[in-house]
Amino acid sequence: MEIKDISLDEKTLEKLRKTGKPWNTSIEKVGKEKLDSLKKTIAEIEFLIEERENLSKNLISEAENIKIDISNFFVQNPTGVQEIREKIALKQKQVDISELQLNEKIDCWQDVAKLKQELREKQKELTDKESRFDMLDKILEE
């Protein structure tokens, strides 16, 4: 069995330094893929937050329109014994809709709070990975 010297000589080391290429480009590629993935996840979370807020606004607006329609019905129709019963039922519907609006506001706040917490975690992870990647890049440049 023959023992060979596998260490790099000075010429080879100098050639690697002059090319300016990192020693292991696969590390750079994997790091960049992870950073890109985190950035994409952050963008998706931001989109989900915006969509959830828009959905909540739309639901509350539609409920408000229904309540207005019920109020308009009260004004337009005469009052008789049967109509009073109908108006009481409609008034109960208005109360139910108001309750749904409040629940939607609370649910939206909770959903957005969870998404923002996840967003902060992903942003922190991205910042950590970027700083590690920069540090590794500086080490490889030296």
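Residues numbered from 1 in each chain as written. Predicted model: local features only at pLDDT ≥ 70, side-chain atom pairs only at ≥ 80, totals over all residues. Heavy atoms only, no water.

Caption draft 1: Here's a closer look at the side chain of Lys67. Mapped onto the secondary structure, Lys67 falls in helix 2 (residues 25–76). The exposure class of Lys67 is buried, given its relative accessible area of 16%. The contact partners of Lys67, leaving out residues within four places of it in the chain, are Gln94, Ile97, Ser98 and Gln101. (Helix = DSSP H or I, 4+ residues; strand = E, 2+ residues; numbered from the N terminus. Buried < 20%, exposed > 50% of the residue type's maximum accessible area, 1.4 Å probe, protein only. Contact = heavy atoms within 4.5 Å.)

Caption draft 2: How the structure looks around the pattern of salt bridges. For the structure shown, the criterion picks out seven salt bridges. Between Glu104 and Arg52 there is a salt bridge, and its shortest N-O distance comes to 2.6 Å. In this pair, Glu104 is assigned in helix 3 (residues 81–141) and Arg52 in helix 2, connecting sequence segments 52 residues apart. The partner of Glu64 in a salt bridge is Lys67, and the shortest N-O contact between them spans 3.7 Å. (Salt bridge = Lys/Arg side-chain N within 4 Å of Asp/Glu carboxyl O.)

Caption draft 3: Broad picture of the confidence of the model for the protein chain. With 78% of its residues at a pLDDT of 70 or more, the protein chain shows a mean pLDDT of 81. Helix 3 holds the highest mean pLDDT among the elements of the protein chain, 88, whereas helix 1 (residues 10–19) holds the lowest, 56. (pLDDT = per-residue confidence, 0-100.)

Caption draft 4: Representation of the nonpolar core within the structure. Leu35, Leu38, Ile42, Ile45, Ile49, Cys108, Val112, Leu115, Leu119 and Leu126 form the largest nonpolar core, which has ten residues in total. Mapped onto this core, the elements with two or more residues apiece are helix 2 and helix 3. Non-local contacts of Leu38, meaning those with residues more than four positions away in its chain, are made with Lys122, Glu125, Leu126 and Lys129. (Core = buried A, V, L, I, M, F, W, Y, C linked by side-chain atoms within 4.5 Å.)

Caption draft 5: The environment of Glu44, seen in detail. Positionally, Glu44 belongs in helix 2. Residue classification places Glu44 among the partly exposed residues on the basis of a relative accessible area of 43%. Placed 75 residues apart in sequence, Glu44 and Leu119 show a C-alpha to C-alpha distance of 9.4 Å.

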